[in-house]
Amino acid sequence: MTNTAENIIESGLTLVLGGTGKTGRRVVERLEARDVPVRMGSRSASPPFDWEDEGTWAPVLRDVEKVYLSYYPDLAAPGAPAAVRAFTDAAVEAGVRHVVLLSGRGEPEAQECERIVQDSGLAWTVVRSSWFAQNFSEDYLLDAVLAGELALPVGDVPEPFIDAGDIADVAVEALTGAGHAGELHEVTGPRALTFAEAAAEIGRACGRDIAFVRVGAEDYAAALAGGGLPAELIEFLTYLFTTVLDGRNARPAGGVRRALGREPRDFADYARETAASGIWNL
């Protein structure tokens, strides 16, 4: 068997890990709209999938041809490379043919996971993503937006925030289209904004002020601990803001255009649509 597009274009059963998450649920929706058979990989699915329980892996991999591999909480988290290696070994054993890996820009641990998938013997595609715009509306920054103040340990470092819908579109194209085996698609939004500028865009869309306040890493960690977040998640988030967001990822990349033949969605469009949904209403 060779890792050519001709060998993977046929759409059999596709396993979507993180099928209830920001990108995974959008991948599921798009595949189902194309009548592609989908198995959702999550703890709430049947059969269930849990990254921390390898006993759940074989049942969800049975009869699967392709996998959308997104790791929770992030490939930069401790233990991710070992888990990805074990999972790809299990996928090979189960007869999976193609893996589409969701990766992160500027994260050495994520790039290690990319190499693991690339060396697995499976056909592979890497979707290397910038910071999700949806972190402001579907994740840990939502409460801060609702409170009207983003207090984060990051300065005037720009980030080309990407819409999760664009990530899903690229992943689905890689899973169903020809010519994506062996490709790395580095996907970002069309322009880079600082977190202060992103807060201002959200404020304009909501019709109210959203302030940005730079805080120290220790104060940020203490605030998260006061909110009841587990220590490992606090350590991970602090690492992202203080290490990964150092400017290394500031330049937009052309992965969306390269994979889909169109421009990525702008952050202002995301903010307007999200504000219209009512999620940021007080």
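Notes on the structure in this doc start here. (Residues numbered from 1 in each chain as written. Predicted model: local features only at pLDDT ≥ 70, side-chain atom pairs only at ≥ 80, totals over all residues. Heavy atoms only, no water.)

1. Considerations on the sheet that holds strand β7 (residues 183-187)
So, point 1. Here 6 strands make up an open sheet; going across it, the order is β2-β1-β3-β4-β5-β7 and the pairing parallel. Taken across any chain shown, the strands that pair with only one partner, and hence form the sheet edges, are β2 (38-41) and β7. On average, each strand axis in the sheet is inclined to that of its neighbour by 15 degrees, with strand direction left out of account.
So, point 2. As judged from the 7 bridges shared by strand β4 (residues 98-104) and strand β5 (residues 123-129), these two strands associate in the parallel manner. By the bridge assignment, Ser103 is partnered in β5 with Arg128.
So, point 3. Contacts from helix α1 (residues 24-33) reach β1 (14-17), β2 and β3 (66-69), with the element oriented near 155 degrees to β1.
So, point 4. The sheet strands contacting helix α4 (residues 108-118) are β4, β5 and β7, and the helix crosses β4 at an angle near 170 degrees. (Pairing = 2+ DSSP bridges. Helix = DSSP H or I, 4+ residues; strand = E, 2+ residues; numbered from the N terminus. Axes fitted to C-alpha atoms, helices over the stretch in contact; angles between N-to-C directions. Contact = heavy atoms within 4.5 Å.)

2. Focus on the packing of aromatic side chains
So, point 1. Counted under the stated rule, the structure contains 18 aromatic pairs.
So, point 2. With a centroid separation of 4.8 Å and 65 degrees between ring planes, the pair formed by Trp51 and Tyr71 is classed as edge-to-face. On the criterion of sequence distance, the pair formed by Trp51 in the loop between β2 and α2 (57-61) and Tyr71 in the loop between β3 and α3 (80-94) is long-range, its members being 20 residues apart. For the pair Trp51 and Tyr71, a shared accessibility class is recorded, and that class is buried.
So, point 3. An angle of 70 degrees between the planes, with centres 5.5 Å apart, marks the rings of Phe136 and Phe161 as edge-to-face. Here Phe161 lies in the loop between β6 (149-152) and α6 (164-176) and Phe136 lies in the loop between β5 and α5 (142-147), a separation of 25 residues in the sequence. Pair check on accessibility: Phe136 and Phe161 agree, each one buried.
So, point 4. Among the aromatic residues, those joined into a ring-pair cluster are Trp131, Phe136, Phe161, Phe195, Tyr220, Phe241, Phe267, Tyr270 and Trp280. (Phe/Tyr/Trp six-rings, centres within 6.5 Å; stacked < 30°, edge-to-face > 60°. Buried < 20%, exposed > 50% of the residue type's maximum accessible area, 1.4 Å probe, protein only.)

3. Things to note about the pattern of salt bridges
So, point 1. One pass over the structure, following the stated rule, counts 20 salt bridges.
So, point 2. The salt bridge partner of Arg128 is Glu114, with a shortest N-O separation of 2.6 Å. One end of the pair, Arg128, is in strand β5; the other, Glu114, is in helix α4, with 14 residues separating them in the sequence. Neither Arg128 nor Glu114 differs from the other in exposure class; each is buried.
So, point 3. Sharing partners across several salt bridges, the network here consists of Arg25, Arg26, Glu29 and Glu138. (Salt bridge = Lys/Arg side-chain N within 4 Å of Asp/Glu carboxyl O.)

4. Observations regarding the packing of α3 against α4
So, point 1. Where α3 contacts α4, the two axes come as close as 9 Å, and the packing angle between them is 15 degrees. Taken together, α3 and α4 sit at an angle that is classed as roughly parallel. The handedness of the crossing between α3 and α4 is right-handed. Touching Ala80, Pro81, Val84, Arg85 and Thr88 of α3 are Glu109, Glu112, Cys113, Ile116 and Val117, all from α4. (Parallel < 35°, antiparallel > 145°, perpendicular 65-115°, else oblique. Left-handed = near helix turned anticlockwise from the far one by under 90°.)

5. A word on the layout of surface pockets
One simple way to see leftover space: roll a probe sized like a water molecule over the atoms.
So, point 1. Taken as a whole, the largest pocket holds about 1500 Å³ of empty space.
So, point 2. Along its surface, the largest pocket is lined by 46 residues, and Tyr71, Tyr72, Pro73, Asp74 and Phe236 are the ones closest to its centre.
So, point 3. In terms of residue count, the dominant contributor to the lining of the largest pocket is helix α9 (residues 231-244) (6 residues).
So, point 4. A per-class count over the lining of the largest pocket returns 20 nonpolar, 16 polar and 10 charged.
So, point 5. Considering only enclosed or pocket space, the second largest pocket measures out at about 320 Å³ in volume.
So, point 6. Considering the residues around the second largest pocket, the lining is formed by 15 residues, among which Tyr140, Ala144, Tyr220, Ala223 and Leu224 are closest to the centre.
So, point 7. Those elements that place two or more of their residues in the lining of the second largest pocket are α5, β6 and α8 (217-226).
So, point 8. Looking at which element gives the most residues to the lining of the second largest pocket, the answer is α8, with 4 residues.
So, point 9. Broken down by class, the residue content of the lining of the second largest pocket amounts to 11 nonpolar, 1 polar and 3 charged. (1 Å grid on protein atoms, 1.4 Å probe; cavity = no way out; pocket = protein on both sides within 12 Å on 5 of 7 lines; lining within 4 Å. Points joined across faces, edges and corners; volume = space filled by probe spheres on them. Nonpolar A, V, L, I, M, F, W, Y, C, P; charged D, E, K, R; others polar.)

6. Examining the side chain of Glu107
So, point 1. As for its position among the elements, Glu107 is in the loop between β4 and α4.
So, point 2. Residue contacts for Glu107: discarding those within four places in its chain leaves Asp74, Leu75, Ala76, Leu240 and Val244.

7. Description of the pairing of β1
The side chains of a regular strand alternate, residue by residue, between the two faces of the sheet.
So, point 1. Neither face of β1 is open: one carries Thr14 and Val16, the other Leu15 and Leu17, and all of them are buried.
So, point 2. Direction of pairing for β1 relative to β2: parallel, over a ladder of 4 bridges. Residue pairing across strands places Leu17 opposite Gly41, the latter belonging to β2.
So, point 3. With α1 bridging β1 and the parallel β2, this β-α-β connection has right-handed handedness.
So, point 4. The pairing of β1 with β3 spans 3 bridges and is parallel. If you follow Thr14 over to β3, its bridge partner there is Lys66. (Right-handed = clockwise from strand over helix to strand, strands pointing away.)

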